[in-house]
Amino acid sequence: MKGIFARHEGVSLHFFTALISIFMVLCSILIGGCSFCGNKEQRLSDTLTVLNWEDYIEMGVVRSFEKEFGVKVIIRTFASEDEMISMVLSDPGKYDLAVTSESIVKTITDMGLIAPIDKKNIPNISGIDPDISNTPGDPLMQFSVPYLWGTSGIAVNRRYVTADVIDWGILFDRRYANRIDMLNDIQENFAPALKMIGCSINARDKQDLTRAQNILKKQRLIIRGYFDSQEIQEHLLDGSTYIAFLYSGDSLMVAQENPDIEYVVPPSGAPIWLDSWVIPATSKNKNTAEAFINYILKPENIATISNYVWYANAVSSSNRYLNSELLESRSIYLPAPLLARCEYYLPLDETTNQFFNKLWYELLR
Amino acid sequence: MKKARSIRSDIFILIVIIAFVPLAVYFLFDILSLTKELKRNVHKSYIDLIVHYSKDLNIFLTDRIVDLKLLSQSPAFKSPNATHDEKISEIYKVQDYYHYFSDITLMSLDGTAVLSTTYSFFSDLSKTRWFLEATEGRSVITDPYRDLSGIDLKIRFFVPVVDNEKVVSILSARMNMEKIWEVSDTVRFGETGYILIVDQFGNIVSNPNRSMIFEKFPGLPTGEIPIDGVKSFSVEFADRDGIEYVGSAVVMDKNPLFEMAPLFIVAIQQKNEAYSLSHYVLIRDLLEMIAVLSLIILVSIYISARMTQPIQTIIDGTARIAEGNLGTTIDVKSWKEINRIAEAFNMMSRNLLTYTKELKSSEERYRTLVEDINDGFYLVQDNTIVYANDAAFEMMGYERGEVIGKIIYDFIPKEDWGRIASNYRDIMNTNTIPDKIEIPIIKKNGEVIYIEAQPKIVSMDEKDLIAGIFIDISARRKREEVLNEDRKFLEREVKKKSRELFESEQKYRTIVESAADGIFLCELNGAVISANKSMTEILGVSPVGMDCRQFFERIFPASAETDSTDITRLIPAPDQTTYTNTSITVDKRGTLNLDIKMNAIDLGKGTRFIQGVVRDTTQRKALEIAVENSKQRLQAAFDAVSDRMYMIDSDYVIKFVNRSVAEELSLPYTDILERKCYSFLNTKNEPCAGCPLGLVMTDHVGITDEVMVSDKDGTRFYRVSIYPVVPASFSHDYLVHSRHITEEKKIQEHLIQSDRLISLGQLSAGVAHEINNPLTSILGYTQILLQEKTKKSEDYDDLKIIEEQALNCKTILNDLLLFSRTRVDKKEFFSVNEVLDGVILINQKQMKDKKIVLKRKFSKNLSPFYGNQIKLTQVFLNIIKNAIDAVDKKGKIIIATSYDEKTKRIEVAIEDNGHGIDRDNMDKIFDPFFTTKPPGQGTGLGLSVSYGIIVEHDGAIYARSEPGKRTIFTIMLPSSLHDNP
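None of the values given here were measured: they were computed from a predicted structure.

Engineer: Provide a residue-level description of a nonpolar patch on the surface, including the pertinent values.
Structural biologist: Residues and elements named next belong to chain B. Together, Leu 295, Val 299, Tyr 302, Ile 303, Met 307 and Trp 335 line one region of the surface with nonpolar side chains, adding up to about 610 Å² of accessible area. In this structure, Val 299 sits in helix α8 (residues 276–322). Owing to a relative accessible area of 43%, Val 299 belongs among the partly exposed residues under this scheme.

Written out as structure tokens, the structure is:
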């Protein structure tokens, strides 16, 4: 009896196990669907849309990136940083990579406009000079990767301007009425005026700023106008403008073609800035953008760019590829005492931004 | 073994399957359709809710656009005469009245902000897509975006100001999303139901609980955002805590009044709460299903048991019969067919019982007959015991079961199998009955007994069996065996003992006779009573019968070397009772060496003898001398080598050194041997790193290497060769040969330098010659041109530089040519001191300028030197110039000459206390074109030219320098007296 019963029990257990497992398989197919993981291999996209200042990269480097990685790089340009932010903000998803000055990285990070950088995809980031990457806005390079740096100073046409010492005052000199170009950038434009009244370019006091605005109001009557850097370069080249408030590299590029042009970092100190790469949060091609940054950061590539745009770069090991003219120029790699008198722009808070806007638009009105 | 299937379990499974499968299908279908329906209802209710809310939101946004449109139509914006103040007051009216906008800005079409209530915008609004659309006459609302604070979400309205159907300016107003949240805040459902607004990228831009937006929800996965044309869809996602949410979403309707990127209105609820009803249905259905399933199983067990019960009863009955319970009957009430089987079974059981009883009584009768006799009775068929009576078992000591069915050989010792088998065959084949057979039997306790059997053939069931009676004859057999054994043992013992005695004597005799040593035995009075063959050979005569004293004296007459008393001392005195072993080596005039050992032996009962052993050691002695000679020769050979030689074993112990080593260390040999080489020679605790000896030990191949040793005495080079010593007995020794080659190396380097200079000389001669001609032209024409120019002429300075540089080249070329010339042109006798004086004179002005102190230490007995005076002047000039260049102001230069009588050489030493020559440059200073002077000041040829000149004169030039202290150039020139032609 016992034997027969035991056998019967065994068979029935097997039977149940089978039934239950079939049931479970059915359930899992109904509920979960197929749960195989997708292929996580990082592929590069077909195109990469880059927002950049005009003429602020060497196209040969871009072409060789396109050839090596099979990615079509579309470069869209902007004339001011405000314009760049507007483009990213109002056309989300369209841009994959942008150049921006380090002074607004913190601001646009807070605005959620840019995505964190995945340093694993940018091994060449290790080549960046730590002295340069250690900025107040993003010291750990979590959101931005340093690119080029330079100064905002004065370009003069030596055929007409013979003064030995060129300082900020020349931008307000009536003798050169209608021959002076200013940049159409709010923060940049206030810098020379603030230096004239003996303030830091990061002055936040409303009285100081209003005083600066008064100087700018008077200046507006004698200047040719507010222009973007590209327009100023054209004016300098054709000799119609004698004095311009302009970025160092842009000035030196013009000087290549018009030897009368000289770029001067005013001895009382000038704004110094660092431009960095950022990736818009809405970009769909983040990997490709990072691959592009990595490619740019190769010492030989960034040196090619520096040699072309006449700006110092953030990769110190690129020095051996740099033209000696560039490396020895005292208006690019500034002498230490002069460098000490230069200042970085600090980020604007909401109230100061509003006040700047107000002063600026009153000026333009 | 594969288990057979059971009828009962098969029936059980069949019933379960038939009953359960349709049931399970029904429940599954029921659960699926019901939960689906319930979920659909949940989502339907969500959609109802959010569609309603979406409409509210749309109306809200429309209202704001209308507010701005009304403002834009204000005459203040259109009138060209309106002042800024009028305009701004209109704007403030709208902003302050509704409290919806946080900033309103009037912008010109070029993007300049004309007026603004707060100027709170961060970027260039005019470059936005929205502004551009507004300039085309459309009202636009932006995506929600974060402002500078990074916390607040804002949207911005762009409304064109139209005058005469032309856009003249743009009104842009900013609104905090909080204004929209005020609307969505009112909507709550269930415990965990919320309404969210999601932008086109899946970011949540609105939610009643502000912190939840940023902290709990990551936003909708972008995969959830449907493609165009879909109005509503379901969403499912987890928040950052892992809590699952479900919900539905609709796209906010497009509004003809304004342009806006799609916004999604999403209703979400925690999954548990949302699907609580469908979960309830699911659990209820599952519980029902389990209850029904249990019922089915119980019924199936009962039915299957009922159906198989009668079969089981019949099986049990059969099993009882099989166990011997004959006559068992069973009681079955079942189907007709099974009842009939049960009846047949009962009848069969009863009949079986009857027949078996009859059979048993018949057998019982016969059995009693044989069982009662005292002798053993047996029945064997085909060698197998089929029956035996109790007497037989008792005799054999086995139980019944241990014997019946076994073959007979199991009880017979192996050695008797053959005999018994042939007997068995005889009986069976010939049917002859032997008289009596003795068979040994192994009892259960292992004892062997003998039985006497009288086998007989009987027929039973048509088969032939052997049957018979047997009796135990063991006791009788034992007695006979014991007697036999005793006799045999005695015979064997006698034989053995006599053989042993014979062999022993023979053995000893042979040993003594064939021994290589002479052996003799004599009585206490010295009379030899026996001696072996070798003794006779050593003495040349058999000593038997002689007095041992006599023959010792015969062989060894007293001589200077041998004291005969020594020999006689060996022979014990007659009254001596105890003897000790004594031996002596005697030498018979240097030709025969004998080792004699005498020994008293006591054979007991006062019988004592003297035993003597004489060994001929002449050959051994000769060999020892030869070995010693050979050893001395070897040592002498090694000592003759001036290089250092060691023999080192594999433990780094020094086994042998030659005289050079001993002399160098100033130690006797004995202090060097048996020391570890690394501790003794190098004061280390373990073998030196990279010791070539270690390499040889592993590879067993000899090597030669150059070793550099640097210590306080300077740098020395050794060429060290190490060879493993091959003969088997020295297999672990290594021969180390070390030669001091510092001098050799120096000479080699000099040779290389000379070679290099000669080839360079040839090359530069060719080059210099080729360059000389064009250079002359350059110089010539330059000078012609110079003559034509006045000093004030523009080109005069340039030409002067050409001339100067060309002259410079000339100087280098002359140096090169001098360096390359291979023979001494013109030889004459001259005084080296005079030449040196001349050179000093030339440089006097320079030395004065530098305030250099010059010391002359000229030897007066210098013999005149025969050679090229001009060239030697050049050499001294070069070296003294270098010295002047090397010293600082107020430096010191010493110039000394001397004559060495022994070597017959003139030596000139020029010493300065200048900066000296770096160690690295030391071996390059004689290289052509090597200079450390600044460009233009030295050709780098001076010293190489000098080197060439000195070598031409069979002399030598050396430089020694202590950087920072001094440099000494020493020039040795062979005395020329014998060179006189």
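Engineer: Describe the sheet that holds strand β9 (residues 232–238) of chain B, with residues and values.
Structural biologist: Residue and element names in this part refer to chain B. With antiparallel pairing, the five strands of this open sheet are ordered in space as β8-β7-β12-β10-β9. Two strands lie at the open edges of the sheet, namely β8 (204–206) and β9, each paired on one side alone. Between one strand axis and the next, the sheet turns through 35° on average, direction left out of account. The pairing of strand β10 (residues 244–251) with strand β12 (residues 264–270) spans seven bridges and is antiparallel. Its bridge partner lying in β12, Val 250 is registered against Ile 265.

Engineer: Outline the pairing of strand β7 (residues 194–198) of chain B, supporting the account with residue identities and numerical values.
Structural biologist: Residue and element names in this part refer to chain B. Across the five residues of β7, five count as buried, placing the element largely inside the fold. Neither face of β7 is open: one carries Tyr 194, Leu 196 and Val 198, the other Ile 195 and Ile 197, and all of them are buried. Bridge count for β7 against β12 is five bridges, and the pairing is antiparallel. Counterpart to Ile 195 in the pairing with β12 is Ala 267. For β7 and β8, the ladder comprises two bridges, and the chain directions are antiparallel. Bridging from a neighbouring strand, Val 198 pairs with Ile 204 of β8. Here β7 hands over to β8 after five residues, with Gly 202 in that stretch at a positive phi of 90°.

Engineer: Before we move on, can you summarise the pattern of salt bridges with the specific residues and values?
Structural biologist: Under the defined criterion, the tally for this structure stands at 42 salt bridges over all chains. The salt bridge partner of Asp 849 of chain B is Lys 845 of chain B, with a shortest N-O separation of 3.2 Å. Placement of the pair is Asp 849 of chain B and Lys 845 of chain B together in helix α24 (residues 844–849), with a separation of four residues, close to one helical turn. The class for Asp 849 of chain B is partly exposed, based on a relative accessible area of 47%. Judged by its relative accessible area of 59%, Lys 845 of chain B falls in the exposed class. Members of the salt-bridge network, linked through shared partners, are Asp 91 and Lys 94 of chain A together with Arg 129 and Glu 133 of chain B.

Engineer: Explain the nonpolar core residue by residue, including any values.
Structural biologist: Residue and element names in this part refer to chain A. With 131 residues, the main nonpolar core has Tyr 147, Ile 243, Trp 277 and Phe 292 as its most contacted residues. Among the elements that make up this core, the one with the highest residue count is strand β5 (residues 145–157) (seven residues). Mapping this core onto the domain boundaries places at least three of its residues in each of domain 1 (47–149 + 274–333) and domain 2 (150–271 + 346–364). Setting aside chain neighbours within four positions, we find Trp 277 in contact with Val 50, Ile 57, Leu 97, Ala 98, Val 99, Phe 143, Ser 144, Val 145, Tyr 147, Phe 292, Ile 293 and Ile 296.

Engineer: Can you explain the packing of aromatic side chains? Please cite residues and give values.
Structural biologist: Here the structure, examined in full by the defined rule, presents 33 aromatic pairs over all chains. For the cation-ring pair, Arg 64 of chain B lies above Tyr 100 of chain B, with the distance from its terminal atom to the ring centre recorded as 3.6 Å.

Engineer: Go over the interface of chain B and chain A with me, naming the residues and quoting the values.
Structural biologist: Contacts between the two partners involve 42 residues from chain B, matched on the other side by 38 residues from chain A. Broken down residue by residue, the surface that chain B buries against chain A is led by Tyr 119, Phe 122 and Leu 148 of chain B, which jointly contribute 20%. If you look at where chain B meets chain A, you find two salt bridges. Between Lys 127 of chain B and Glu 83 of chain A there is a salt bridge, and its shortest N-O distance comes to 4.0 Å. Here chain B is connected to chain A by eight residue pairs in polar contact (both at pLDDT 80 or more). Counting residues per element, the side of chain B that touches chain A draws most heavily on helix α1 (residues 7–72) of chain B, at nine residues. Partitioning the side of chain B that touches chain A into residue classes produces 21 nonpolar, twelve polar and nine charged.

Engineer: Go over helix α3 (residues 81–90) of chain A with me, naming the residues and quoting the values.
Structural biologist: For α3 of chain A, the buried fraction is high: nine of the ten residues fall into the buried class. By the burial criterion, the buried members of α3 of chain A are Glu 81, Glu 83, Met 84, Ile 85, Ser 86, Met 87, Val 88, Leu 89 and Ser 90 of chain A.

Engineer: Go over the packing of helix α6 (residues 186–196) of chain A against helix α7 (residues 206–222) of chain A, please, and point to the residues and values.
Structural biologist: When two helices pack together, their arrangement is given by the angle between their axes and by how far apart the axes lie. Residues and elements named next belong to chain A. One can describe the packing of α6 onto α7 by two numbers: an axis separation of 9 Å at closest approach and a directional angle of 105°. If you check the angle between α6 and α7, you find them roughly perpendicular. Between α6 and α7, the contacting residues are Asn 189, Phe 190, Ala 193, Leu 194 and Met 196 on the first element and Asp 208, Leu 209, Ala 212, Gln 213, Ile 215 and Leu 216 on the second. By residue class, the composition of the contact of α6 with α7 is eight nonpolar, two polar and one charged.

Engineer: How would you explain the sheet that holds strand β31 (residues 892–900) of chain B if you had to name every residue and give the values?
Structural biologist: Residues and elements named next belong to chain B. Taken together, the five strands give an open sheet; going across it, the order is β29-β31-β32-β34-β33, and neighbouring strands pair in mixed fashion. The outermost strands of the open sheet, each flanked by one partner alone, are β29 (853–857) and β33 (956–962). On average, adjacent strands in this sheet sit at an angle of 10° to one another, irrespective of strand direction. Taken together, the five bridges between β29 and β31 define a ladder with parallel strand orientation. For Val 853, the partnering residue across the bridge sits in β31 and is Lys 892.

Engineer: Explain unusual backbone geometry residue by residue, including any values.
Structural biologist: Phi angles above zero are rare outside glycine, and Trp 310 of chain A is one such case at about 65°. Within the secondary structure layout, Trp 310 of chain A lies in the loop between α11 (299–309) and β11 (312–313). Within the chain, Lys 851 of chain B stands out as a residue other than glycine whose phi angle is a positive 55°.

Engineer: I'd like a rundown of the packing of α1 of chain B against α8 of chain B, residues and numbers included.
Structural biologist: All names here are of chain B. Contact pair α1 / α8: the axes reach a minimum separation of 9 Å and the direction vectors enclose 170°. Taken together, the axes of α1 and α8 lie roughly antiparallel to each other. Tallied by class, the residues present in the contact of α1 with α8 amount to 25 nonpolar, five polar and six charged.

Engineer: Summarise empty space enclosed by the protein; cite the residues concerned and give the values.
Structural biologist: Summed over the entire model, instances satisfying the criterion amount to seven cavities of 30 Å³ or more. Approximately 360 Å³ is the volume found for the largest cavity. Every residue lining the largest cavity is counted, 22 residues in all, and those nearest its centre are Tyr 378, Val 380, Ile 408, Ile 439 and Ile 451 of chain B. Listed by contribution, the elements that provide at least two residues to the lining of the largest cavity are β13 (376–381), β14 (384–388), α10 (390–396), α11 (417–430), β15 (437–442), β16 (448–460) and β17 (463–472) of chain B. Considering every element that reaches the lining of the largest cavity, the biggest residue donor is α11 of chain B, with four residues. Of the residues that constitute the lining of the largest cavity, the class distribution is 21 nonpolar, one polar and no charged. Roughly 150 Å³ of volume is contained in the second largest cavity. For the second largest cavity, the lining is made up of 18 residues, of which Leu 89 of chain A together with Phe 121, Phe 122, Ser 123 and Tyr 145 of chain B are closest to its centre. Of all the elements in the fold, those that place two or more residues in the lining of the second largest cavity are α14 (350–364) of chain A together with β5 (153–163) of chain B.

What counts, and at which threshold
Residues numbered from 1 in each chain as written. Chains lettered and ligands numbered in written order. Predicted model: local features only at pLDDT ≥ 70, side-chain atom pairs only at ≥ 80, totals over all residues. Heavy atoms only, no water. Patch = residues over 30% accessible without salt bridge, like charges linked within 9 Å, V, L, I, M, F, W, Y side chains within 5 Å. Areas by Shrake-Rupley, 256 points an atom, 1.4 Å probe, with all protein chains shown as cover. Salt bridge = Lys/Arg side-chain N within 4 Å of Asp/Glu carboxyl O. Helix = DSSP H or I, 4+ residues; strand = E, 2+ residues; numbered from the N terminus. Buried < 20%, exposed > 50% of the residue type's maximum accessible area, 1.4 Å probe, protein only. Pairing = 2+ DSSP bridges. Axes fitted to C-alpha atoms, helices over the stretch in contact; angles between N-to-C directions. Core = buried A, V, L, I, M, F, W, Y, C linked by side-chain atoms within 4.5 Å. Domains from an automatic or database assignment. Contact = heavy atoms within 4.5 Å. Phe/Tyr/Trp six-rings, centres within 6.5 Å; stacked < 30°, edge-to-face > 60°. Lys NZ or Arg CZ within 6 Å of the ring centre and 35° of its normal. Buried area = accessible area lost by both parts, 1.4 Å probe. Polar contact = N/O pair within 3.5 Å; in protein donor to acceptor, adjacent residues only side chain to side chain. Nonpolar A, V, L, I, M, F, W, Y, C, P; charged D, E, K, R; others polar. Parallel < 35°, antiparallel > 145°, perpendicular 65-115°, else oblique. 1 Å grid on protein atoms, 1.4 Å probe; cavity = no way out; pocket = protein on both sides within 12 Å on 5 of 7 lines; lining within 4 Å. Points joined across faces, edges and corners; volume = space filled by probe spheres on them.

None of the figures reported here should be taken as evidence of function without further support.
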